[in-house]
Amino acid sequence: MESINDDKIQKTLVTPGIGGQPTFSNGTKVSFHFVTRIVGSNIVVDDSYKWPKHMEIVLGKKFKLEVWETILKSMREKEISKFIVHKSVSIPFF
């Protein structure tokens, strides 16, 4: 398990991605899927696989939940990882 952002984000690699670690600059469009669960349960809060289309954000555009940018910048193309995010970095959204 890897710690990110002063241990407020814990990352567990499920499937390694391809290539090296990319350098993302502001304005980069990132497309991805996600499933959000409550820690310690199987309760699904949100699931982009049930949407008509994947999630997209443009880095550096002040997305309403900044933790997404931190998480995505830690990943490689095609990587699958699990993250546990401390509520102090997700409270603005909830």
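Residues numbered from 1 in each chain as written. Predicted model: local features only at pLDDT ≥ 70, side-chain atom pairs only at ≥ 80, totals over all residues. Heavy atoms only, no water.

Looking at an unreviewed UniProt entry, one finds the protein chain named AH receptor-interacting protein isoform X2 and attributed to Aphis craccivora.

(A) Main features of the side chain of Glu79. By the element assignment, Glu79 lies in the loop between α1 (67-73) and β7 (80-85). Glu79 gets classed as buried once you look at its relative accessible area, which sits at 10%. Engagement of the side chain of Glu79 in a polar contact is seen with the backbone nitrogen of Arg76, the distance being 2.9 Å. Glu79 has contacts with Lys11, Leu13, Thr15, Pro16, Gly17 and Ser74, leaving out every residue within four places of it along the chain. (Helix = DSSP H or I, 4+ residues; strand = E, 2+ residues; numbered from the N terminus. Buried < 20%, exposed > 50% of the residue type's maximum accessible area, 1.4 Å probe, protein only. Polar contact = N/O pair within 3.5 Å; in protein donor to acceptor, adjacent residues only side chain to side chain. Contact = heavy atoms within 4.5 Å.)

(B) Quick look at the nonpolar core. Core analysis: the biggest nonpolar cluster contains 15 residues, and Phe32, Ile57, Val67, Trp68 and Leu72 have the highest contact counts within it. Among the elements of the structure, β3 (29-32), β6 (55-58) and α1 are those that each provide at least two residues to this core. Among the elements that make up this core, the one with the highest residue count is α1 (four residues). Not counting the four nearest positions on each side in its chain, Ile57 is found in contact with Thr28, Lys29, Val30, Phe32, Phe63, Trp68, Glu69 and Leu72. (Core = buried A, V, L, I, M, F, W, Y, C linked by side-chain atoms within 4.5 Å.)

(C) Geometry of the packing of aromatic side chains. Going through the model one piece at a time under the given rule, you end up with four aromatic pairs. A centroid spacing of 6.2 Å and a plane angle of 45° characterise the contact between Phe32 and Phe34, whose relative ring orientation is tilted. By the burial criterion, Phe32 is buried, and Phe34 matches it. Following the ring pairs from residue to residue traces out a cluster consisting of Phe32, Phe34, Trp51 and Trp68. (Phe/Tyr/Trp six-rings, centres within 6.5 Å; stacked < 30°, edge-to-face > 60°.)

(D) Up close: the pairing of β3. With burial as the criterion, only one face of β3 is covered, namely that bearing Val30 and Phe32; the residues Lys29 and Ser31 on the opposite face remain uncovered. In the sheet, β3 pairs with β6 via four bridges, with the strands oriented antiparallel. Opposite Val30, over in β6, you have Ile57 as the bridge partner. (Pairing = 2+ DSSP bridges.)

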